[in-house]
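# Analysis of the macromolecular model
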Amino acid sequence: MGKRKRNKNQARNLAAKKRPRRPDDYLRHGPLEMARFGKFVVWRNNMSEEQFDVMQGKLVEHFPEVCHEIDNKISRIVDMVKTLPSDELLKRAYWEVAARNLNVESEIDIDHDGAVSLRMLDYIQSIIVSVQPAEAIQDDVTEEQWRKLRTLVGDLFSQLNTEFPICQTAVNRKDAGFNIDFEEFRFKAQMYWCNVRGQRYLCHDIPFFRDVLSPHDEVLKELYGISKKEFLEALQEIQDSLTLGIGKVVEDLRKFQNDVMAKLDEKIERKDFAELNDPLDMTKKVIEESGWEAWQNDIAGRFFGLDLFDLEKVAKLPRLLLDELSWEPGQDAEFFKEGEYKGWPLRIWPVFKRPFIKLKGHYYCFDLYSLFDNLYRSVQRVIIRKKPGYDPIWNDKQKELSEQVPIELFEKLLPGVQVYQSVYYHWHTRPGGIKDWCEADALLIYEDHLIIMEVKAGAFTYTSPAADFSSYIKSLHNLVFKPAEQGKRFLGYLESDDEVRLYDKDHKEIGKISRKDFKHITICAVTLDPFTELAAQVQHLKKIGIDVGTRPVWSISIDDLRVYSDIFDNSLVFLHFIEERMRAFQSDLIQTEDELDHLGLYLKHNIYTQYVRELNPKGPIMWHGYRSDIDRYFSEKLHDSKAVCHLKQDMPARLKEIIDLLASSRKLGCRKVASMLLDSDGRCRDQITSGINEALDHQSRLGKAKSLSTHGNVKITLFCWQHGRLERDRKNALEHAQAVMLITQDNERLLLELTFDTFGTLVDIDFAFLSLGGISDVALQRLKAIAEALRVKRIDKAKQTHREIGRNELCPCGSGKKYKKCCFLRP
């Protein structure tokens with residue numbers, strides 16, 4: 001009783017601690033084993049050292065052939081692309097992406113064909129703008145040509161994602177300085193570079209750009225004659241066209257057809273077409289007479305033509321800016337420049353630099369991911385190129401908004417949080433060095449939680465990990481290690497005295513805080529650029545030389561915070577998530593591929609660190625699909641901004657009622673009470689809920705208080721009061737809880753008093769954390785008498801309801817000991 005929570009159904013299915021859990025699926029191929037436990041997949045390699053060496057030798061021999069095959073595939077792709085009409089290729093690619101992903105709400109649901117369809121859009125566009133088109137361009141793309149090109153692209157990425165890195169690692173093993181941890185990280189970085197798109201949810205893209213472009217309103221007007229508001233409206237129109245545009249044009253087409261047919265039937269009924277026999281001629285005449293030619297052309301242009309993608313028809317952006325953000329066919333000279341990885345997806349893709357394409361004098365956008373993932377940095381580059389003196393201004397404004405936006409999101413997550421922004425303090429800048437003025441970007445205080453927030457507005461490296469892996473390491477050092485060090489520096493200052501002073505930029509005192517006031521301290525490194533796949537693994541970066549130390553560092557992006565602010569509607573539940581997120585930092589078993597997987601794990605398993613320990617895995621774990629429900633919610637929100645978020649932990653209604661009222665009351669100590677309740681396991685939660693309902697029923701019939709006490713790790717004594725039926729008796733509740741403490745020998749116990757109205761709705765909560773220290777001898781003797789009477793009552797009740805109390809059962813008195821070692825021999 002009272003262990004930290006795990007999902008009830010899963011808890012029942014867990015095997016005994018000494019017996020390993022049977023996998024749901026098991027496969028074996030030679031020395032390789034795979035076992036699936038629910039959403040966990042565990043791999044094991046049983047190769048002998050000799051077998052491994054032989055395999056590595058074959059991979060090394062095969063590596064040149066793999067590279068040659070990739071070069072050959074790219075060459076064949078280029079030969080096809082430069083002879084085919086670019087507009088038709090990209091239009092078909094878009095429609096295939098739309099068709100294959102129409103009902104896909106989570107990235108886990110994207111299959112191989114869906115992934116290839118995405119590459120047919122962004123990679124093919126990158127080739128078009130990097131290779132000079134042939135002199136003779138075909139008029140259309142045949143079905144056979146499309147299938148052949150698609151197969152080539154699919155094979156290219158399959159080989160690049162599997163065979164190439166395996167052989168590359170085998171070759172690198174031969175180097176004297178080979179480091180398997182660096183190699184594993186480089187491999188992941190290359191995979192993300194080639195395959196991961198969509199840095200944030202689409203419904204968050206416009207809010208993101210509203211934040212980051214707001215400070216640059218004047219320079220946008222000066223250079224391009226467009227305000228920030230107009231720019232955002234244009235982005236919204238592009239997003240709507242590429243996401244909702246298909247449904248809209250189908251709806252418009254259906255209405256057009258219905259209206260034409262209705263008008264046609266009406267005219268036929270009146271015999272207005274006596275001179276016409278051909279239905280097509282009749283239809284054409286109806287359209288002409290009704291003045292619907294423009295309507296017809298508009299639908300045809302969107303359904304069959306390129307109007308969905310034509311930026312001058314979809315949105316209002318100045319041509320000067322469109323030119324800056326567009327490539328023409330063959331214009332980019334870098335992607336196919338001679339050298340290593342010529343034309344490979346391991347280079348910087350042209351669409352990363354300019355998301356639009358200019359074809360026959362028209363500007364088009366076919367891919368939202370290329371647009372929204374890279375637009376902010378693209379706009380930054382074109383503005384600085386056009387106005388070099390604006391560079392430091394941009395950086396200053398970027399730093400300011402990067403510090404303000406996270407605070408606003410935290411204030412939404414933690415209403416009433418106390419914020420100290422731009423805090424200065426006098427402390428050592430290096431161990432043993434002199435003291436100097438240092439700055440912490442923000443301190444956020446909510447009860448006994450302190451969040452030390454450090455913000456990095458700098459860009460994550462723009463170079464490919466294959467071309468410059470050291471830049472990746474340096475970026476991680478700047479965006480993770482530096483803020484971690486700054487956060488730990490302030491923590492050192494906080495722990496240097498009983499109370500420390502906080503100052504503003506002018507070194508005027510603005511407050512004092514004390515280390516003893518905080519049970520939980522979180523160092524939070526916030527970045528403007530999202531790199532959630534890497535940030536989620538921050539505790540494991542020590543292997544590649546980025547050691548943030550043993551103290552947890554929560555590295556997140558502003559986009560992650562925006563997700564949390566949409567999902568968490570209870571400040572105490574959010575704080576409990578932070579507590580568990582920091583516990584996960586200490587676990588080598590918790591290695592997720594995305595920060596939001598931690599959120600999915602928390603929503604599913606609550607104390608997921610314990611859940612994983614109880615699985616007792618013998619090999620590395622692959623976390624799979626834990627953010628799928630989160631993906632689905634934000635997919636729904638894209639189409640319905642008022643969509644209700646149902647992403648909550650599964651908990652009894654009575655428990656939720658308590659947690660919600662605690663959060664709204666904001667009484668001092670609510671956080672500790674809520675965390676104790678949320679830490680409880682499913683059995684304890686059910687016991688509390690059923691105990692409340694039983695107490696209310698019992699009291700309504702007998703008019704006498706009925707208490708509930710839990711034991712083990714969660715030590716709570718609970719009373720329910722009800723207006724008009726049983727008014728609060730604080731003295732009785734206090735004495736009873738203290739008597740329970742004497743029986744169980746608790747150092748601390750929570751006395752929780754719930755007050756309900758006549759309808760059984762919770763209206764008030766009182767609580768106290770009790771200890772027996774400071775109680776007078778007289779009062780203690782009285783409590784001992786009450787405790788003994790309570791013990792005897794519990795034993796008698798147990799004997800009345802059971803035939804016999806087993807010697808090895810937990811004693812019914814509530815001490816937590818076995819019956820034979822507690823009350824067995826006592827009267």
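Conventions adopted
- Residues numbered from 1 in each chain as written.
- Predicted model: local features only at pLDDT ≥ 70, side-chain atom pairs only at ≥ 80, totals over all residues.
- Heavy atoms only, no water.
- Salt bridge = Lys/Arg side-chain N within 4 Å of Asp/Glu carboxyl O.
- Helix = DSSP H or I, 4+ residues; strand = E, 2+ residues; numbered from the N terminus.
- Pairing = 2+ DSSP bridges.
- Buried < 20%, exposed > 50% of the residue type's maximum accessible area, 1.4 Å probe, protein only.
- Contact = heavy atoms within 4.5 Å.
- Axes fitted to C-alpha atoms, helices over the stretch in contact; angles between N-to-C directions.
- pLDDT = per-residue confidence, 0-100.
- 1 Å grid on protein atoms, 1.4 Å probe; cavity = no way out; pocket = protein on both sides within 12 Å on 5 of 7 lines; lining within 4 Å.
- Points joined across faces, edges and corners; volume = space filled by probe spheres on them.
- Nonpolar A, V, L, I, M, F, W, Y, C, P; charged D, E, K, R; others polar.

### Notes on the pattern of salt bridges
Overall, the coordinates contain 59 salt bridges when judged by the stated rule. When the shortest N-O distance is used, the salt bridge between Asp113 and Arg150 registers 3.9 Å. Note that Asp113 is positioned in helix α4 (residues 112-128) and Arg150 in helix α5 (residues 143-161), a separation of 37 residues in sequence. Look at the salt bridges and you will find they share partners, linking Lys667, Arg728, Arg730, Glu753, Asp764 and Asp766 into a network.

### So, the pairing of strand β11 (residues 509-513)
Moving residue by residue along a regular strand, the side chains alternate between the two faces of the sheet. Across 4 bridges, the pairing between strand β10 (residues 500-503) and β11 is antiparallel. In the sheet register, Tyr503 faces β11, and the bridge partner there is Glu509. Here β10 hands over to β11 after 5 residues, with His507 in that stretch at a positive phi of 65°.

### What about the side chain of Asp217?
Among the secondary structure elements, Asp217 is positioned in helix α9 (residues 217-224). Of the residues examined, Asp217 reaches a relative accessible area of 18% and is grouped as buried. Sequence-distant contacts of Asp217, that is, excluding residues within four places in its chain, are made with Ile226, Ser227, Lys228 and Lys229.

### Concerning the sheet that holds strand β18 (residues 762-770)
One open sheet accounts for 4 strands, arranged β15-β16-β17-β18; its pairing is mixed. Looking at the sheet topology across the chains shown, the edges are occupied by β15 (708-710) and β18. Each neighbouring strand pair of the sheet contributes to a mean axis angle of 20°, computed without reference to strand direction. In this sheet, β18 lies alongside strand β17 (residues 749-756) in antiparallel orientation, the contact comprising 8 bridges. Bridge pairing in β18 links Phe756 to Leu762. Against the sheet, helix α27 (residues 670-679) engages β16 (716-722), β17 and β18, with an angle of about 95° to β18. Sitting on the sheet, helix α28 (residues 682-702) is in contact with β15, β16 and β17, with an inclination near 35° to β16.

### Digging into the sheet that holds strand β6 (residues 362-364)
Spatial ordering of the open sheet is given by β4-β5-β6, a layout of 3 strands whose pairing is mixed. Here the strands that pair on one side only, and so sit at the sheet edges, are β4 (326-327) and β6. Where strand β5 (residues 356-359) and β6 come together, 3 bridges link them in antiparallel fashion. Looking at β6, one finds that Leu359 is bridged to His362.

### Here we look at the confidence of the model for the chain
Averaged over the chain, the pLDDT score is 87; the fraction of residues at 70 or greater is 91%. This stretch, residues 1-19, has a pLDDT under 50; its non-local contacts, to residues over four places away or in other chains, come to 55 contacts.

### Overview of empty space enclosed by the protein
Counted by the stated rule, this structure contains 2 cavities of 30 Å³ or more. Approximately 40 Å³ is the volume attributed to the second largest cavity. Every residue along the wall of the second largest cavity is listed here: Leu160, Asn161, Phe164, Pro165, Phe187, Gln190, Met191, Cys194 and Leu346. For the lining of the second largest cavity, the elements supplying multiple residues, two or more each, are α5, α6 (163-172) and α7 (180-195). The element contributing the most residues to the lining of the second largest cavity is α7, with 4 residues. Split into classes, the residues belonging to the lining of the second largest cavity amount to 7 nonpolar, 2 polar and no charged.

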